[in-house]
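Residue-level structure breakdown
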Amino acid sequence: MQYRQLGASNLAVSRIGCGTWALGGRGWGAHNERQARAALEACLEHGINFFDTAPVYGFGRSEQVLGEVLRPVRSRVIIATKCGLAWNDSGRVHHDLSREGLRRDLDASLRRLQTDYIDLYQIHWPDRRNPLEETLDELAGFQRSGAVRRIGVCNFSAQQLREARGLAPVVSIQQPYNLLQQDEAREVLPLCREHTLGFIAYSPLAQGVLAGEMAAAARPGVRDVRRRNPLYRDRERYEQAVRYAAGLPRPAAHAALRFLLDQPGVTCVLVGMTKRAHVETNIAALDCRGARDPADC
Ligand SMILES: NC(=O)c1ccc[n+]([C@@H]2O[C@H](COP(=O)([O-])OP(=O)(O)OC[C@H]3O[C@@H](n4cnc5c(N)ncnc54)[C@H](OP(=O)(O)O)[C@@H]3O)[C@@H](O)[C@H]2O)c1
């Protein structure tokens with residue numbers, strides 16, 4: 001495994017990280033928790049030390065399962081979770097970056113993850129309804145208390161990231177970035193390089209499209225979070241994307257991941273992996289080094 005410092009922090013994260021949205025067991029098609037746990041074990045065997053989750057993934061379930069699996073190796077892994085998305089009894093999700101909301105989120109995450117510190121605590125989505133000063137002041141307090149080691153953000157524009165850096169010691173940003181979706185990174189990556197901020201690329205396989213295996217989620221009537229993804233919503237775009245992925249060298253995941261690993265400034269490529277076989281395939285992308293063109297993988 002290869003590792004990189006996350007921005008100016010002392011966290012050395014594996015270049016391929018494990019995303020655990022689907023581990024929550026909701027909205028990602030047929031879920032097999034036994035297989036998903038085996039995928040986490042495979043990550044550990046292969047030296048993947050960076051695990052990303054969020055309270056909202058399966059309404060706590062992703063954090064809970066991750067906590068169980070990582071407990072025996074807690075000191076060797078880097079756990080990233082998030083704050084600011086809450087839900088009510090009927091499962092309706094809303095933004096809450098208030099001080100009380102943040103304290104509630106942190107306590108619940110620590111309990112579910114069975115740990116007394118979070119390595120990287122990230123604002124899940126910006127929310128203008130709450131002053132960013134107040135949110136970051138509270139997160140900085142968590143860091144001082146030792147409950148949080150580092151602060152990160154997700155889905156911030158370059159302007160929002162600049163503002164956040166001026167308010168608290170933010171070390172990283174998570175953005176969607178893949179061969180088919182490059183706009184967000186185009187704006188933020190240069191800023192990360194300039195200020196030594198960690199850049200974590202999420203949805204690197206465009207939620208499966210770039211692995212060429214996700215047709216089920218695109219069928220009308222299927223309840224799946226991927227149907228919110230414009231690639232799945234727009235039939236014409238979806239078919240175009242699948243044709244593009246089919247044209248990539250096999251396995252397509254290698255080309256898609258290698259492209260990101262080679263982008264200057266990308267610290268970690270965060271892939272959702274729900275089966276042991278995903279892990280084995282995806283880490284092999286690290287070996288086709290120096291490919292200038294995805295087709296060289
Ligand atoms: N901060 C944020 O707002 C945010 C937003 C989105 C995601 N994320 C994080 O980023 C992580 C990754 O993003 P993502 O899950 O949206 O998308 P992704 O990594 O692009 O796609 C994940 C899906 O691709 C399939 N897959 C993975 N490896 C494969 C392989 N080798 N061959 C075939 N299929 C493969 C799996 O689908 P199946 O399980 O159906 O087989 C997997 O669930 C998330 O889990 C989450 O931790 C963060």
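Rules of the game
Residues numbered from 1 in each chain as written. Predicted model: local features only at pLDDT ≥ 70, side-chain atom pairs only at ≥ 80, totals over all residues. Axes fitted to C-alpha atoms, helices over the stretch in contact; angles between N-to-C directions. Helix = DSSP H or I, 4+ residues; strand = E, 2+ residues; numbered from the N terminus. Parallel < 35°, antiparallel > 145°, perpendicular 65-115°, else oblique. Contact = placed C-beta atoms within 7 Å. Nonpolar A, V, L, I, M, F, W, Y, C, P; charged D, E, K, R; others polar. Buried ≥ 20, exposed ≤ 12 C-beta atoms within 10 Å, placed from the backbone. Near = placed C-beta within 6 Å. Core = buried A, V, L, I, M, F, W, Y, C linked by C-beta atoms within 7 Å. Expected span 1.5 Å × (residues − 1). Arc of directions from axis to C-beta. Pairing = 2+ DSSP bridges.

The geometry of helix H2 (residues 61-70) relative to helix H3 (residues 99-113) is characterised by a closest axis approach of 7 Å and an angle of 40° between their N-to-C directions. Relative to H3, the element H2 is oriented oblique. Facing H2, whose interface residues are Glu63, Gln64, Leu66 and Gly67, H3 presents Ser109, Arg112 and Leu113. Across the contact of H2 with H3, the residue classes break down as two nonpolar, three polar and two charged.

What follows deals with the environment of leucine 161. Counting through the fold element by element, leucine 161 comes out in helix H5 (residues 158-167). Leucine 161 sits in the buried class, given 21 other C-beta atoms within 10 Å. Note: C-alpha distance between leucine 161 and serine 172 (11 residues apart in sequence) is 9.3 Å. When sequence neighbours within four positions are dropped, the list of residues in contact with leucine 161 reads Val153, Phe156, Ile173, Val188 and Leu191.

Here we take up the site of the ligand. The environment of the ligand is made up of 30 residues, and the closest members are Gly19, Tyr202, Leu205, Ala211 and Gly272. Elements with a minimum of two residues in the shell around the ligand: strand E12 (268-272) and helix H10 (276-283). Considering only residue class, the shell around the ligand consists of 14 nonpolar, 14 polar and two charged.

Another aspect to go through is the nonpolar core. Ranked by internal contacts, the top residues of the largest apolar core, which has 88 residues, are Ile173, Ala201, Leu210, Ala256 and Val269. A total of seven residues in this core trace back to one element, the largest contributor, which is helix H9 (residues 252-261). With sequence-adjacent residues up to four places away left out, isoleucine 173 is seen in contact with Gly152, Val153, Cys154, Phe156, Leu161, Val188, Cys192, Leu197 and Phe199.

This brings us to helix H8 (residues 235-246). For H8, with 12 residues, the first-to-last C-alpha span of 16 Å sits near the 16 Å given by 1.5 Å per residue. If you check which residues of H8 are buried, you get Tyr238, Ala241 and Ala245. Viewed end-on, H8 has its buried residues packed into an arc of 65°, placing them on one side of the element. Those residues of H8 that are exposed and aimed more than 90 degrees away from the buried face are Glu236, Glu239, Arg243 and Ala246. Buried residues along H8 sit in contact with helix H7 (230-233) and H9.

Turning to the pairing of E12, a few remarks are in order. Counting buried residues along E12, five of its five residues qualify, which places the element largely inside the surrounding structure. Burial of E12 is two-sided: the residues Cys268, Leu270 and Gly272 facing one way and the residues Val269 and Val271 facing the other way are all buried. Judged from the four bridges that link them, strand E3 (residues 16-19) and E12 form a sheet pairing that is parallel. Following the sheet pairing, glycine 17 is matched in E12 by leucine 270. Of the pairings in the sheet, the one linking strand E11 (residues 198-202) to E12 comprises three bridges and is parallel in character. Residue pairing in the sheet places isoleucine 200 in a bridge with cysteine 268 of E12.

Moving on: the sheet that holds E11. The strand order around the closed barrel built from eight strands is E3-E4-E5-E8-E9-E10-E11-E12, with neighbouring strands paired in parallel fashion. Ignoring which end each strand starts from, the neighbouring axes of this sheet average 30° apart. Inspection of the sheet shows strand E4 (residues 50-52) paired to strand E5 (residues 78-83) by three bridges, in the parallel sense. Within E5, the residue paired with aspartate 52 across the bridge is alanine 80.

Moving on, we come to unusual backbone geometry. Backbone geometry at glutamine 114 places phi at a positive 55°, although glycine is not the residue there. Mapped onto the fold, glutamine 114 is located in the loop between H3 and strand E8 (118-123). Residue classification places glutamine 114 among the partly exposed positions, given that 14 C-beta atoms sit within 10 Å.

Everything listed here is a matter of coordinates, which is why it stays silent on function.
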